[in-house]
Amino acid sequence: MKTVFEHPKALSDVLMHYCPGCTHGIAHRLVAEVLDELGVCGNTVGVAPVGCAVFAYNYFECDMIEAAHGRAPAVATGVKRVLPNSVVFTYQGDGDLAAIGTAETVHAATRGENITVIFINNTNYGMTGGQMAPTTLPGQVTTTTPYGRDVKANGHPIRVCEMLATLSGTAYAERVALNNVKNVMAAKRAIKKAFEYQIAGKGFSIVELLSTCPTNWGLAPTDAMKWLEENMLPYYPLGVYKDIGGDK
Amino acid sequence: MADKVLVKGNEALGEAAIKAGCRFFFGYPITPQTELSEYLAKRFPKVGGTFLQAESEVAAINMVLGAASAGARVMTSSSSPGISLKSEGISYIAGSDLPAVIVNIQRGGPGLGGIQPSQADYFQATKGGGHGDYRLIVLAPNSVQEIVSLTFDAFDLADLYRMPVMILGDGMLGQMMEPVEFPEHSDRVLPEKTWATDTTQGKRKKNIVNSLYIKPDVLEKIVLDRYARYAEVEAKEARAETYLTDDADIIITAYGATSRISRNAVDALRASGIKAGLLRPITLWPFPKAEYQRLAKTAKAFLTVEMSMGQMIEDVKLSIDCSRPVHFCGRTGGMIPTPGEIEAKAREIAASL
Amino acid sequence: MAGKMLLAGFGGQGILFAGKMFTYAGMLEGKNVTNIPEYGPEMRGGTCNCSVIIDENPIGSPLVLEPDILIAMNLPSLARFENAVAPGGKIFIDNTLIDRETTREDVDAYYIPATRLAAEAGIPKLANVILVGKVIRESGICSMEIMDKVLEKVVPPSRQALIAPNKKALEIGYNFE
């Protein structure tokens, strides 16, 4: 009998703590499938963030490190410098990566640190209950922008891929979305390419995954997908923002 | 023994780290420890080491955490304001049971303070600095030669007890040149790093380096286990040096730079017939309590000398349970006490005995 | 011979180099030595000084507060430190650059136009070493013989051509009457 679907070996066989309908589970699975397909799980070290994915260290079968809030790229740098032939990735949310960890993110990228960053953008701080994130859209209601994000008071959302694409050390930056099957397949291709670039020693790679947060958005999972399409895609266009190409 | 060479404390520390097998350094420039970073930037490429200037002290200490997780001997250095920034990471390193060496070449504070030698980070080094129940082993050299030997010890102790070790110096020691010998470093027998996240290679179960334990009973057990290790450190690793203390009425006590100045004061006091001696803690944590308790039986008074408003003095009082008067002589803000000031204070005490 | 020495001048006059020469001399003659510069923003073009102690016995504080020997290569340094010199101590003054004498009467003062002598000898950057030669002659803090070995230590291997001019400077200073 032909196996058409199985649990990725790089994904731990444990119950995840994520909310129903949350896309973190999809993102985890895609990373694990890629580690399996590239055959690198045994040579990989992952770095988990502070945020909803704080327990990611329980969900991957490779060695894992739990970093302080925002510091995953610095921790990954330390690991990669000691083990230059290993595969090192961080898995970070928007608050972790683009607020408290902006300096670590930007400088890991500009150093061309040969690591892969999996970046979950769901426009809010999920774990602490839905506060404004650096990616919260103008006018979006969160618990700390109860009247909607006023850009005059709270500033503008950061487009991370566009920003990092300007840096010479960034080898690959792509934004994908986890809102439908087609986009999920595209997301996997992007994640795989990012890891392949790392394995080829090309430098810093980042994949931004537009994700949903039904619980904190106060929407049913299907409505959350729709909200992502209607609100996030116009502000955060999908696409490849940096690709230094095949042979470098 | 190798030839003696004349080197600055900061540079001696860097060379000793190399001899101790350290090949990874993550730092950020700050006076007065910059020579250490610059020395390693020059030397590391020649010995296959990695020197990386981070974007901040915060990033540097987290790079240390990553390198230590991967099983490397790793070091960072800074001076007071930079150590404040690193304190978050130091707490995580302690909470993740990782070995690492952190150097603080202290300067005057608080805030930006100044750049002259100070000892006002004693509390930060020995009582926390970062959050949570944790300890650092804190080593306080008082000569360039001792910087070398304590740097060796720092790496070994960190690996042996799986905890961060701080070398607490000051601008005077960092800038001072003295002749030193660099002996070959021989490791103690150290445990294998079976806990390291250095990739499974498909040969073992995965390792996790982590300081998060969401269930309070699990967290408490982890902390209690760690404190059992700390108790072992306290029982085995406390160190002090004494000078003319056997018949001393007044025990002057100081560490690092001030212990050298105090030694001049002891000589001057002895020359004028006052029985003074010097007790110098070499480990600030664990604090060498037993030595203080022993001398409290024969001495009449203690005089603590610090470049601070009085921090170590609290440990001196606690160690002897306030069974003898403990006096204080200190300067702060980067001012260095003179032997004359210490001598005058000791004479005052002698007159009151 | 033991001594506490303070060397002071402008940054760029070779104060730290001269301090290192004495420190190495003491070390090579088997003594305990310490050397500590004053550090800080003043390193960058302002005044510069360093403390050197040579002693048979272990050295406590490396800071020289009451020097037996003061070398002053500019007026601010003389003004700042001359009153600190121990009674009976020695002050060496580069009188090309310092146009007054010391106000102290309880010390031995030596006036050497080191900067002019260096220029005349075609070694304009070695006024500091001329002063070192004079200090050795008058204080006996170390021997002239040890200076060959000292120069091997303080002159980097890539700049061995500088050894001969340094020796010349030492001799000019040593023989200056």
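Residues numbered from 1 in each chain as written. Chains lettered and ligands numbered in written order. Predicted model: local features only at pLDDT ≥ 70, side-chain atom pairs only at ≥ 80, totals over all residues. Heavy atoms only, no water.

A. Region of the structure containing the pattern of salt bridges. Applying the stated rule across the entire model yields 44 salt bridges over all chains. Ionic pairing is found between A:R71 and A:E104, a salt bridge with its closest N-O pair at 3.2 Å. Placement of the pair is A:R71 in the loop between β2 (63-66) and α2 (72-82) and A:E104 in helix α4 (residues 102-110), with a sequence separation of 33 residues. B:K127 is the salt-bridge partner of B:D315, the closest N and O atoms lying 2.6 Å from each other. Pair noted here: B:D315 is in helix α11 (residues 312-319) and B:K127 is in helix α5 (residues 122-127), with a separation of 188 residues, a long-range link. (Salt bridge = Lys/Arg side-chain N within 4 Å of Asp/Glu carboxyl O. Helix = DSSP H or I, 4+ residues; strand = E, 2+ residues; numbered from the N terminus.)

B. Examining the sheet that holds strand β3 (residues 50-53) of chain B more closely. Residue and element names in this part refer to chain B. Taken together, seven strands build an open sheet; the order of strands is β3-β2-β4-β5-β7-β6-β13 and the sheet is mixed. Lying at the two open borders of the sheet, with one neighbouring strand each, are β3 and β13 (283-285). This sheet shows a mean twist of 20° between the axes of neighbouring strands, independent of strand direction. Sheet topology note: the strand β6 (residues 137-139)/β13 ladder contains two bridges and is antiparallel. The partner of L139 across the bridge, within β13, is T283. (Pairing = 2+ DSSP bridges. Axes fitted to C-alpha atoms, helices over the stretch in contact; angles between N-to-C directions.)

C. The interface of chain A and chain B, seen in detail. Opposite the 34 residues of chain A that make contact, chain B presents 33 residues. Summed over both partners, the interface of chain A with chain B comes to about 2500 Å²; 62% of that surface belongs to carbon and sulfur atoms. Of all residues in chain A, A:D63, A:R81 and A:V82 bury the most surface against chain B, accounting for 22% of the area lost on that side. Remark: the boundary between chain A and chain B carries three salt bridges. Residue B:E88 pairs with A:R71 through a salt bridge whose shortest N-O separation is 3.3 Å. (Contact = heavy atoms within 4.5 Å. Buried area = accessible area lost by both parts, 1.4 Å probe.)

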